[in-house]
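Letter by letter, the chains look like this.
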Amino acid sequence: MSRTRSKPYQPLLLRLLHGINALLIFGAVITGFFVYDSWDGRFGRLSLSQANRSLIDVHGTFGFFLFFIFIIFFVYCIRSGQKRLVQSDSIKKLTLVGKPIWWYTLHRIVNTGTLVAAMLAVVSGKFQDENWLPRGELNHTWYYIHLISWIVIVLAIAMHLLMSAKVGGLPLILSMFDKNYRPADSPTQWFQKIGSWLRRPTL
Ligand code: HEM
Ligand code: HEM
């Protein structure tokens, strides 16, 4: 979170997981659009590509890797990144309209919304069948849920970027892509932390 004047710092593990997760989601959003545009197109189409099975395979591959990365990112967010998500007093703070804390609260709610939107896309993706579209089966409930999840995640990411820009500006956005890390945040420390967690696991 951005603090007055000091440069925002994001834990290295967050930057890594968030970055890989975001790349895979962008890949799934783009290839998912191509799949819809070529095989379906009932709600409007750009006809950018021909219906072809390898498009579905490429999308499925993004989805396949995203599934695992998303689970790890999700666990990180609800455990170590908890303070960037919705808080128990968020509703109360939403009454302080226009104050800085109001924007931070909205930012955390939007972060949580983005996480939930991604979960909807990933879970509904798992219920897709790669043969539905080639067989012309366009009316499966899970397919509609998956299509809706495309719109939801695109809107959520747009809000997420706007809110990040609003509360922390460019320094906050760039902090998510910074290559430097503090010594205490070094990957060598992760093994120690995992080791001590394994000796005394806490949920
Ligand atoms: C209009 C948009 C979309 C369409 C038409 C679409 C279509 C499909 C189809 C046909 C499959 C089955 C592919 C296969 O099993 O090989 C699939 C799987 C999947 N999709 Fe999408 N998708 C869309 C958007 C998205 C988005 C936005 C995400 C995530 C952010 C996503 C994540 C997944 C996942 C996780 C799978 C499961 C892959 C697996 O493990 O087998 N999809 N999608
Ligand atoms: C290039 C695109 C993106 C940028 C620039 C970006 C930027 C950021 C920034 C700056 C933060 C830190 C907020 C803070 O410290 O207050 C953040 C956190 C977060 N972002 Fe993104 N984000 C992007 C894409 C995504 C995507 C695709 C997702 C999908 C799930 C996502 C989910 C999250 C979540 C859940 C958090 C909170 C993490 C935590 O709980 O520790 N972001 N993002």
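Details of the structure are given in the entry above.
Residues numbered from 1 in each chain as written. Chains lettered and ligands numbered in written order. Predicted model: local features only at pLDDT ≥ 70, side-chain atom pairs only at ≥ 80, totals over all residues. Heavy atoms only, no water.

His18, Gly81, Arg84, His107 and His160 are the nearest of the 26 residues found near ligand 2. Within the backbone of Gly81, one N or O atom sits 2.9 Å away from an oxygen atom of ligand 2. The contact in question runs from an oxygen atom of ligand 2 to an N or O atom on the side chain of His107, over 2.9 Å. Taken together, the residues that form the shell around ligand 2 break down as 16 nonpolar, 9 polar and 1 charged. (Near = heavy atom within 4 Å. Polar contact = N/O pair within 3.5 Å; in protein donor to acceptor, adjacent residues only side chain to side chain. Nonpolar A, V, L, I, M, F, W, Y, C, P; charged D, E, K, R; others polar.)

Take the site of ligand 1 next. Around ligand 1 lies a shell of 21 residues, among which His59, Gly63, Gly125, Lys126 and His146 are the nearest. The side chain of Lys126 places a nitrogen or oxygen atom 2.4 Å from an oxygen atom of ligand 1. Elements with a minimum of two residues in the shell around ligand 1: helix H1 (12-39), helix H2 (53-79), helix H4 (100-126) and helix H5 (141-175). Top element by residues in the shell around ligand 1 is H2. It accounts for 6 residues. (Helix = DSSP H or I, 4+ residues; strand = E, 2+ residues; numbered from the N terminus.)

Let us look at the coordination of the iron atom of ligand 1. For the iron atom of ligand 1, the protein coordination sphere consists of His59 (NE2) and His146 (NE2), at 2.0 Å. Around the iron atom of ligand 1 sit 6 donor atoms, and with donor-metal-donor angles ranging over 83 to 180° the site reads as octahedral. Within this pair, whereas His59 is found in helix H2, its partner His146 is found in helix H5, the two being separated by 87 residues in sequence. (Donors = N, O, S within 2.8 Å, 3.2 Å for Na, K, Ca; no water. Tetrahedral: all angles 85-135°; square planar, octahedral: opposite > 155°, others 65-115°.)

Turning our attention to unusual backbone geometry. Positioned with a positive phi, Ser47 is a non-glycine residue whose angle comes to about 50°. Its location among the elements puts Ser47 in the loop between H1 and H2.

With that out of the way, let us pick up the coordination of the iron atom of ligand 2. Distances from the iron atom of ligand 2 to its protein donors, His18 (NE2) and His160 (NE2), fall within 2.0 Å. Geometry at the iron atom of ligand 2 is octahedral, judged from its 6 donor atoms and the angles of 88 to 179° they form at the metal. Highlighted residues: His18 in helix H1 and His160 in helix H5, separated in sequence by 142 residues.

Before going further, it helps to spend a moment on the packing of H2 against H4. For the pair H2 and H4, interaxial distance at closest approach is 11 Å and the crossing angle is 145°. Crossing hand, H2 versus H4: left-handed. Contacts between H2 and H4 involve Leu66, Phe67, Phe70, Phe73, Phe74 and Cys77 on the former and, on the latter, Leu115, Ala118, Met119, Val122 and Lys126. For the contact of H2 with H4, the per-class residue count stands at 10 nonpolar, no polar and 1 charged. (Axes fitted to C-alpha atoms, helices over the stretch in contact; angles between N-to-C directions. Left-handed = near helix turned anticlockwise from the far one by under 90°. Contact = heavy atoms within 4.5 Å.)

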